[in-house]
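Residues per chain are reported as follows:
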Amino acid sequence: MQITGEMLIGHDAVRGTAGSQLAFDPTLNADIAQPSFGLGTRADVERAATLAAAAFDPYRNLPLARRAEFLEAIADEILALGDALIQRAHQESGLPVARLTGERGRTIGQLRLFAQGVRDGHFLGAIVDTAQPARQPLPRVDLRQAKVPLGPVAVFGASNFPLAFSVAGGDTASALAAGAPVIVKAHSAHLGTSELVGRAVQRAAQRTDMPEGVFSMLIGAGRDIGEALVAHPAIKAVGFTGSRQGGLALVRIANQRPEPIPVYAEMSSINPVFLLPSALAARGETIAQGFVESLALGAGQFCTNPGLVIAIDGPDLDRFITAASDALAAKAPQVMLTSGICAAYRQSREQVQAAPGVQAVANGSEAQQPNTAQAALYVTSASDLLANAALQSEMFGPASVIVRAQSWQEVLDVAEHLEGQLTATLQLDAPDHAAARALVTILERKCGRILANGFPTGVEVSHAMVHGGPYPATSNAMHTSVGATAIDRFLRPVCYQDLPDALRPAAVQAANPLGIWRLVDGAPVAPERAGG
């Protein structure tokens, strides 16, 4: 399919009139000459938002099967783009073709997961408390609860996942599954990729006869379009993956509106890895190899990149550092997503290396080409880390800091001192379990996912996954941006008291026409017995 440089507003392709921008090839360090992408105006935001608001009630009231068919049609249309999508994403991001092929599979898989979730209806949270007119001392009225979508959602494409966290990524898929129209602001780092995927969504919407306005995609340089989108009264929630600075800017705009709205921003995490004593002694060199592979994966441009390692000082940790340094030295430099990201990575490395008590112990092969990242490993003491908050700053790239603690209590002190995280990893063996209990208790307050004997890069799209965590990992620790329960971000509960059955939503009607599990008078009831 030809890329035209147009935005997508409802059924139309629209050329932006606020100037133009070329896509960029980070591998060649050069603009992609054709086409140029027209930049949108606030009038384009107004048009997209007006269409989304008009589409909201018709879309959310469609049968659930129709909504699921739309999600599956998006998956089919993305797959039908074939190699052209992968090649364009590779050109705009520098990410390997194999990585992007896997990411496309994840994108399609999460769309189909949400389609399945829409069909089973569990996300509606149907609860029925039947009337008890004879109850003493007071009768009970009939109460029924079901969830409804918040309204149109603004989604910001992420730089590091041009497919799975972008135009048709998890935020878009979960919002559409909830019954909410979506307006995407395409990321400037992958404009052509965004148009290809956006047109796939647009075709799917037309193919399944969705209301116009259920999906739009805008393009804008700088902050103007994004700020206008978040501030628009038709928008009722925001999904964002990116920097802490960018996420907090959107939170401020959302909170300053006459009607504040939730911003689900995934922002900053260093994902600590704790090496417990027995595991470190028994298999430190093996752990070091896995750690370096995780650290360097995708040039370290994962929000779950292991940016901190904590262990008790001694010969076992020395062996780990030696093995990790040897493995890191063999790592070739990799192209980063954008020149800006590469410059920020180099600056963050310089800041860490200049901090008191920090020693550089290993580097990957030197970066000779533009926009490439050299891997790096640093060592510091727990006391220096505790004294310098800057050592907790995310280095978005293949660099990590190893922390030497003098005792297990100091390990716990470091854990207690950490900011909120997406993940924390425990490398442990059976003799470590007793010591790990206190650490797990701390980490439950600090992060959204605790894993053992693995590495945090690689986020399974499943029912149980949590990709979130306390601030600054996210702006809202109550929810996940990956997995089936990501849909909950865009829903709210409504209680129906003594409403006539014909006026109740299908999820809580007496005959249970959706055939879903419900909680009836406090007990879970299967579909065939869920009347009430």
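This is a predicted model, so every value here is computed, not measured. (Residues numbered from 1 in each chain as written. Predicted model: local features only at pLDDT ≥ 70, side-chain atom pairs only at ≥ 80, totals over all residues. Heavy atoms only, no water.)

Enquirer: Kindly report on the UniProt feature "domain: Aldehyde dehydrogenase" (unreviewed entry) in the protein, identifying the contributing residues and their values.
Expert: Here the UniProt feature "domain: Aldehyde dehydrogenase" (unreviewed entry) sits at residues 37–468. Secondary structure over residues 37–468 splits into 45% helix and 18% strand, and the C-alpha atoms at its two ends are 33 Å apart. (UniProt positions renumbered as here; feature names shortened; annotations may be inferred. Helix = DSSP H or I, 4+ residues; strand = E, 2+ residues; numbered from the N terminus.)

Enquirer: Help me get a handle on the packing of aromatic side chains, residues and values and all.
Expert: With the rule as written, the count across this model stands at six aromatic pairs. With centroids separated by 5.4 Å and ring planes inclined at 55°, the aromatic side chains of phenylalanine 161 and phenylalanine 165 adopt a geometry described as tilted. Each member of the pair, phenylalanine 161 as well as phenylalanine 165, carries the same accessibility label: buried. Three or more aromatic residues link up through ring pairs in this structure, and these residues are Phe161, Phe165 and Phe302. Cation over ring: arginine 99 sits above phenylalanine 161, and NZ or CZ is 4.6 Å from the ring centre. Residue placement shows arginine 106 over the ring face of phenylalanine 161; its charged tip is 5.4 Å from the ring centre. (Phe/Tyr/Trp six-rings, centres within 6.5 Å; stacked < 30°, edge-to-face > 60°. Buried < 20%, exposed > 50% of the residue type's maximum accessible area, 1.4 Å probe, protein only. Lys NZ or Arg CZ within 6 Å of the ring centre and 35° of its normal.)

Enquirer: Now, about the sheet that holds strand β21 (residues 491–497): what can you tell me, with residues and values included?
Expert: Spatial ordering of the open sheet is given by β21-β6-β5-β22-β23, a layout of five strands whose pairing is mixed. Both outer strands of the open sheet, β21 and β23 (523–525), are each paired with one neighbouring strand and no more. If you compare each strand with its neighbour and ignore which way they point, the axes differ by 30° on average. Two elements, strand β6 (residues 143–149) and β21, share seven bridges in a ladder whose sense is antiparallel. Bridge assignment links lysine 147 to a residue of β21, and that residue is proline 493. (Pairing = 2+ DSSP bridges. Axes fitted to C-alpha atoms, helices over the stretch in contact; angles between N-to-C directions.)

Enquirer: Got a sec to walk through the nonpolar core? Specific residues and values, please.
Expert: In this structure, Phe70, Ile74, Ile78, Leu218 and Val238 are the most contacted members of the largest nonpolar core, which totals 96 residues. With eight residues, helix α2 (residues 64–80) is the largest single contributor of residues to this core. Among all residues touching leucine 218, those that are not within four sequence positions of it are Met7, Ile9, Asp44, Val45, Ala48, Ile183, Val184, Lys185, Ala186, Ile225 and Leu229. Ranked by size, the runner-up nonpolar core spans 42 residues in total, among them Leu95, Phe274, Ala405 and Val411. (Core = buried A, V, L, I, M, F, W, Y, C linked by side-chain atoms within 4.5 Å. Contact = heavy atoms within 4.5 Å.)

Enquirer: How would you explain the packing of α2 against helix α4 (residues 97–120) if you had to name every residue and give the values?
Expert: α4 packs onto α2 with a crossing angle of 170° between their chain directions and a minimal axis gap of 8 Å. When the interaxial angle is binned, α2 and α4 end up roughly antiparallel. Note on element contacts: α4 touches α2 through Arg104, Thr107, Ile108, Leu111, Arg112, Phe114, Ala115, Val118 and Arg119, opposite Leu64, Ala65, Arg67, Ala68, Glu69, Leu71, Glu72, Ile74, Ala75, Asp76, Ile78 and Leu79. Of the residues assigned to the contact of α2 with α4, the class counts are 13 nonpolar, one polar and seven charged. (Parallel < 35°, antiparallel > 145°, perpendicular 65-115°, else oblique. Nonpolar A, V, L, I, M, F, W, Y, C, P; charged D, E, K, R; others polar.)

Enquirer: An account of the packing of helix α9 (residues 277–296) against helix α10 (residues 315–329) is needed here, citing residue identities and associated values.
Expert: Across the interface, α9 lies against α10 with an axial gap of 8 Å and an inter-helix angle of 30°. As judged from the angle between their axes, α9 and α10 are roughly parallel. In this structure, the crossing between α9 and α10 has a hand that is right-handed. In this structure, α9 contributes Leu280, Ala281, Gly284, Glu285, Ile287, Ala288, Gln289, Phe291, Val292 and Leu295 to the contact, and α10 contributes Asp316, Leu317, Arg319, Phe320, Ala323, Ala324, Ala327 and Leu328. Its residues assigned to classes, the contact of α9 with α10 comprises 13 nonpolar, two polar and three charged. (Left-handed = near helix turned anticlockwise from the far one by under 90°.)

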